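Architecture at a glance
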Amino acid sequence: MDVDALLEKSPSSSEAQSLCTSANASPSLADIVNSIALRPDALTVPLEPSDLLDFLNGFISEFTATAQILEVEGKKLLYSYATIEDDAERVQRVCNLIDFALILYELGHGELRVAHEFIEDLLDIQTIDWCQSFWPYISHREDRLANNLDGQKRPGRDLIRYCNALLRRLSKTQNSSFAGKILIFLANAFPLSERSGINPRGEFDTDNITVWETNDGESLHSRFWTLQRVFADPTTLLTKPDLQVAFRDTLKIVIDELRKHASVGTTNERTKSPASVVPTPAETSAVGTPAESEDETTFVPKWLTSKSLFELQLRDPLFRRAIYAQTFFICDFLLGHVVDTPSPPGTNKSVMYPCTITTDLAKFLKTTQDTISRPPSTWAAVDLEPAFTRSLKSVVARDSNWQTWKLNNSPSFEKPVVPAYEIDEAKKEIDSRRGTKRAYRFNMGTPALSRLSNTPTGIDLLRNKQRYAIPGPVEYCEKIRELRDVLVDTTDPELARETKEGIASKEWRGLRAARAQGTRYEFARYFTGSLEALLRDS
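Residues numbered from 1 in each chain as written. Predicted model: local features only at pLDDT ≥ 70, side-chain atom pairs only at ≥ 80, totals over all residues. Heavy atoms only, no water.

1. A few points about the overall build of the protein chain
A tally of regular secondary structure across the protein chain gives 27 helices and zero strands. Expressed as a percentage of its 538 residues, the buried residues of the protein chain come to 37%. Sequence separation of at least 24 residues holds for 72% of the intrachain contacts in the protein chain that already meet a minimum separation of 6. (Helix = DSSP H or I, 4+ residues; strand = E, 2+ residues; numbered from the N terminus. Buried < 20%, exposed > 50% of the residue type's maximum accessible area, 1.4 Å probe, protein only. Contact = heavy atoms within 4.5 Å.)

Okay, structure coming up:
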């Protein structure tokens, strides 16, 4: 049998057995992986154990030995695949190898860390562009590579290590989209409370250094860019209180200068954005850009700090707005560390700085923050429009919640699994409440409503003439006689008064009833008399 022909496709179980018999030796890892068919969609469509089930069954007796040498032999095979000139074949071979390692792990014949080590070695020896084209392989296998990982143990540490190594190689300006994909992948791979991603000690990014010309003394340009040191690490004001006065004076000068330029440029009438200005070689070398490549660790700053561009930057409303945002955030941070202010409740002491700022600096920062959040009407609306200030407040409010969470030592957001006995008790409680209950003795809920519900109602009651029939004068006369008998026998003054009022009322209604019966003239003649006299004469 032609062994090379068998290696061009995924052999069936019978073919695998035949290959093993004809070779009269255990198949190597290269033979197994090379026999997997190449797939154009290998990056996005992973291999499943069912795809290789027949093939694996043919070599099931050799898995134990293969798993022991998978890491060593697999890395040799990985390096050989990495040297293939055809990029498409290289990607497909690598994908098959790592998929094979994942399938062995899922079948219990390997470890997940082996697949991560393959990916780590591969990313280290490839270019940034190739790594970016290969990233869909990792993102489409997130459920396999990042399933129940712990950042403190392998392979969780391996994943964090090679992702961070790749992030350090990326350019913050040219590869920002790729860097975002890596960060999103890490955020999905680990829980929100993972210690390696929450900065529990509240450390600032002190590596982000802004370089500018420092040989121009105390000019506005130099003092302006000096603020970036404090913006990058505001804890310097807490550890070095002697810098607080200089920071306050510099910040006041900068805010006043930004206010002067507020009416110079608008978003619709921007002169020439500093981002579109290409500095000369002399200028770029002065601000630490790659014009001088003597120091390979030099980082290109996000700000163009050349003195010749400073005036153009001040005219740019977007540049001024960025400085306002930095100032607003630094004021919010420092105002949380005022002298004689009680410390917030929490258990994470690493984010509770022991040093504080003076009361004078706190008053200035509070005034500055209020001015930015509620600018006077004389300021240009283009710099601090309501939508921009609302965004600043929203960011600060959200960050306050994160600080509270970190102060409490970043508790996990995940709730523990509910025990089975609690679920059973809850089901029994629900069933007991859903059962037939004993009838309540008051149908309508209360005695009064129950009596009211028993009262006859309906249109038939409205048809009863007794509801609207007016008594005649004879009936009223009988009632008057009864009331007079009560008046003679009573000795209670209050009852006597009520009886007299009842007699007068019924006499009046009796006279009206007599008029309705046709005794109109008699009614007029005996109006000043009594009802009995009218009835007697009629």
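2. A look at the confidence of the model for the protein chain
For the protein chain, the average pLDDT comes to 76, and 77% of its residues sit at 70 or higher. Considering each helix and strand of the protein chain separately, the mean pLDDT is smallest for helix α1 (residues 3-7), with a value of 33, and largest for helix α9 (residues 128-139), with 92. Overall, residues 1-25 carries pLDDT values under 50, and its contacts beyond four positions in sequence, including any with other chains, amount to 28 contacts. (pLDDT = per-residue confidence, 0-100.)

3. Quick notes on the packing of aromatic side chains
Summed over the entire model, instances satisfying the criterion amount to eleven aromatic pairs. A centroid spacing of 6.1 Å and a plane angle of 65 degrees characterise the contact between Trp225 and Phe319, whose relative ring orientation is edge-to-face. One end of the pair, Trp225, is in helix α13 (residues 220-232); the other, Phe319, is in helix α18 (residues 317-334), with 94 residues separating them in the sequence. When its relative accessible area of 0% is taken as the criterion, Trp225 is described as buried. The exposure class assigned to Phe319 is buried, which follows from its relative accessible area of 5%. Of the aromatic side chains, those joined through ring pairs into one cluster are Phe224, Trp225, Phe310 and Phe319. Across from the ring centre of Phe388, 5.0 Å away, lies the NZ or CZ of Arg321, which sits over that ring. (Phe/Tyr/Trp six-rings, centres within 6.5 Å; stacked < 30°, edge-to-face > 60°. Lys NZ or Arg CZ within 6 Å of the ring centre and 35° of its normal.)

4. So, the pattern of salt bridges
Applying the stated rule across the entire model yields 25 salt bridges. Across the pair Glu494 and Arg497 runs a salt bridge, and its minimum N-O distance is 2.4 Å. Of the two residues, Glu494 and Arg497 are both situated in helix α25 (residues 493-516); the distance of three residues between them amounts to about one turn of the helix. Residue classification places Arg497 among the partly exposed residues on the basis of a relative accessible area of 38%. Connected through salt bridges with shared partners, the residues Lys75, Glu111, Arg113, Glu117, Glu120, Asp121, Arg154, Asp158 and Arg161 form a single ionic network. (Salt bridge = Lys/Arg side-chain N within 4 Å of Asp/Glu carboxyl O.)

5. Side note on the environment of Thr499
By the element assignment, Thr499 lies in helix α25. Given a relative accessible area of 6%, Thr499 falls into the buried group. For the pair Thr499 and Val486, spaced 13 residues apart in sequence, the C-alpha to C-alpha distance is 7.6 Å.

6. Comments concerning helix α24 (residues 473-489)
Helix length check: α24, at 17 residues, gives a terminal C-alpha distance of 25 Å against a target of 24 Å (1.5 Å per residue), a fit within 8%. Every buried residue of α24 is accounted for by Pro473, Tyr476, Cys477 and Ile480. Seen end-on, α24 carries its buried residues on one side only, within an arc spanning 100 degrees. Opposite its buried face, α24 presents the exposed residues Val474, Glu482 and Asp489, each directed more than 90 degrees away. (Expected span 1.5 Å × (residues − 1). Arc of directions from axis to C-beta.)

7. A short note on α25
Given 3.6 residues to a turn, an α-helix orients residues that are three or four positions apart in the same direction. With 24 residues, α25 ought to run about 34 Å at 1.5 Å a step, and its terminal C-alpha atoms sit 35 Å apart, in line with that. All buried positions along α25 are accounted for by Ala496, Thr499, Gly502, Ile503, Lys506, Gly510, Leu511, Ala513 and Ala514. A distance of 3.3 Å separates the backbone nitrogen of Glu494 from a side-chain oxygen at the start of α25, and that oxygen is part of Asp492. (Polar contact = N/O pair within 3.5 Å; in protein donor to acceptor, adjacent residues only side chain to side chain.)

8. Observations concerning the side chain of Glu120
Looking at the element boundaries, Glu120 is found in helix α8 (residues 112-125). Look at Glu120 and you get buried, because its relative accessible area is 13%.

9. Remarks on the packing of helix α7 (residues 87-106) against α9
Remark: α7 packs on α9, axes separated minimally by 11 Å, with the N-to-C direction vectors making an angle of 40 degrees. Judged on the interaxial angle alone, α9 and α7 are oblique. When the axes of α7 and α9 are compared, the crossing they make is right-handed. Listed contacts from α9 to Asp87, Arg90, Val91, Val94, Cys95, Ile98, Asp99 and Leu102 of α7 are Trp130, Phe134 and Tyr137. Residues belonging to the contact of α7 with α9 are distributed by class as follows: eight nonpolar, no polar and three charged. (Axes fitted to C-alpha atoms, helices over the stretch in contact; angles between N-to-C directions. Parallel < 35°, antiparallel > 145°, perpendicular 65-115°, else oblique. Left-handed = near helix turned anticlockwise from the far one by under 90°. Nonpolar A, V, L, I, M, F, W, Y, C, P; charged D, E, K, R; others polar.)

10. Overview of the packing of helix α6 (residues 70-82) against α7
For any two helices packed against each other, the geometry comes down to the angle between their axes and how far apart the axes lie. Contact pair α6 / α7: the axes reach a minimum separation of 9 Å and the direction vectors enclose 165 degrees. By the angle class used here, α6 and α7 are roughly antiparallel. Every pair of crossing elements has a handedness; the one defined by α6 and α7 is left-handed. Between α6, through Leu70, Gly74, Leu77, Leu78, Tyr81 and Ala82, and α7, the contact on the second element is made entirely by Arg90, Arg93, Val94, Leu97, Ala101 and Leu104. Residues belonging to the contact of α6 with α7 are distributed by class as follows: nine nonpolar, one polar and two charged.

11. Points about the environment of Asp383
Relative to the assigned elements, Asp383 resides in the loop between α19 (359-373) and α20 (386-407). When the C-alpha positions of Asp383 and Phe319 are compared, they lie 9.5 Å apart, and in sequence the two are 64 residues distant. The contacts of Asp383, once residues within four sequence positions are left out, are Leu258, Ala262, Pro317, Arg320, Arg321, Tyr324 and Phe388.

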